[in-house]
Amino acid sequence: RFSIPEFFLKLAFTRQIREKPCSHLHLIQVQEPTTDVCQDCLDLGDSWPNLRMCLICGYVGCCDTSKNKHMHQHVQETDHPLIRSIEPGEGWIWCYPDEAFLSANSPQLPRAPAP
């Protein structure tokens with residue numbers, strides 16, 4: 001599996017080199033997925049290219065390049081603003097309302113206190 005570097009994804013998503021601010025990070029409630037499939041695609045007998053997870057409720061759905069775009073549908077139906085990639089080796093976050101792409105090591109993300 002080929003993974004596109006986050007720098008290029010940020011540039012493609014936002015057309016900017018700098019990271020845009022996200023005003024919704026305080027809403028994050030879910031950190032890790034509980035599944036590694038798009039259940040909605042499975043129910044339809046379809047497959048998906050990549051998976052995304054809602055950081056508000058944990059819903060896992062297929063990406064915007066998939067035939068069904070289940071994650072995008074979820075965001076539209078719920079107004080949940082934040083998703084992240086759950087593909088191996090990826091951890092970037094996308095904020096729909098702010099159109100902000102945050103890399104997995106973004107300085108905007110809260111850090112756990114050191115032990």
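Here the structure is a predicted model, which means the values were calculated and not measured. In this convention, every chain numbers its residues from 1, walking through the sequence in written order. Reporting in this predicted model follows two pLDDT cut-offs: at least 70 for local features of residues, and 80 or more for side-chain atom pairs to be given and counted; totals over whole chains, interfaces and linings ignore these cut-offs and use all residues. Excluded from the side-chain calculations are hydrogens and water; all other atoms, namely the structure's heavy atoms, are used.

Caption draft 1: Local environment of the packing of aromatic side chains. Ring pairs are drawn from Phe, Tyr and Trp, using the six-membered ring of Trp, whenever the two centres fall within 6.5 Å, and their geometry is named by plane angle: stacked under 30 degrees, edge-to-face over 60, tilted for the rest. Within the structure shown, the criterion is met by 5 aromatic pairs. Between Phe 13 and Trp 92, the ring centres sit 5.4 Å apart and the planes meet at 90°, which makes this aromatic pair edge-to-face. One end of the pair, Phe 13, is in helix 1 (residues 6–14); the other, Trp 92, is in the loop between strand 3 (82–85) and strand 4 (93–95), with 79 residues separating them in the sequence. Note on Trp 92 and Phe 101: the rings are 5.3 Å apart at their centroids and 25° apart in plane angle, and the pair reads as stacked. The same class applies to Trp 92 as to Phe 101, namely buried. An aromatic cluster is built from Phe 13, Trp 92, Trp 94, Tyr 96 and Phe 101, whose rings are joined through pairwise contacts. For helices the rule is a DSSP run of H or I covering at least 4 residues; for strands it is a run of E covering at least 2, with both sets numbered from the N terminus onward. Only protein chains enter the calculation, and the probe is 1.4 Å; a residue is then buried if its accessible area is under 20% of its type maximum, exposed if over 50%, and partly exposed in between.

Caption draft 2: Region of interest: the sheet that holds strand 4. Pairing is antiparallel across the open sheet formed by 5 strands, whose spatial order is 2-1-3-4-5. The strands lining the two open edges of the sheet, one partner per strand, are strand 2 (60–62) and strand 5 (100–102). Each strand axis lies, on average, 30° off the axis of its neighbour in the sheet, ignoring direction. At least two bridges found by DSSP between two strands is the condition for calling them paired. Relative to strand 3, strand 1 (residues 51–54) runs antiparallel, the two being bridged by 3 bridges. Bridging from a neighbouring strand, Met 53 pairs with Arg 84 of strand 3. Across the face of the sheet, helix 1 comes into contact with strand 4 and strand 5 while running at roughly 175° to strand 5. Any two residues whose heavy atoms approach within 4.5 Å are treated as being in contact. Fitted lines through C-alpha atoms serve as axes, helices being fitted only where they are in contact, and the angles separating the N-to-C directions of these axes extend from 0 to 180 degrees. Where helix 3 (residues 70–78) meets the sheet, its contacts fall on strand 1, strand 2 and strand 3, and the angle it forms with strand 2 comes to roughly 125°.

Caption draft 3: Examining the pattern of salt bridges more closely. By salt bridge we mean one thing: a side-chain nitrogen of Lys or Arg within 4 Å of a carboxyl oxygen of Asp or Glu. Scanning all chains against the criterion turns up 2 salt bridges. A salt bridge links Glu 32 to Arg 84, with the shortest nitrogen-to-oxygen separation between them at 3.4 Å. You can see Glu 32 sitting in the loop between helix 1 and helix 2 (39–44) and its partner Arg 84 sitting in strand 3, a full 52 residues away along the chain. On the basis of relative accessibility, which here comes to 12%, the residue Arg 84 falls in the buried class. The closest approach of N and O atoms between Lys 67 and Asp 46, which form a salt bridge, is 3.3 Å. You can see Lys 67 sitting in the loop between strand 2 and helix 3 and its partner Asp 46 sitting in the loop between helix 2 and strand 1, a full 21 residues away along the chain.

Caption draft 4: Fine view of helix 3. All of the buried residues in helix 3 are His 70, Met 71, His 74 and Val 75. Angularly, the buried residues of helix 3 cover 140° about the axis, an arc narrow enough to put them on a single face. Seen from the open side of helix 3, the exposed residues pointing more than 90 degrees away from its buried face are Gln 76 and Glu 77. Packed against the buried residues of helix 3 are helix 2, strand 1, strand 2 and strand 3. Note on helix 3: the residue one or two positions beyond its end, Asp 79, has a positive phi of about 65°. Relevant arc is that of directions from the helix axis to the C-beta atoms, nothing else.

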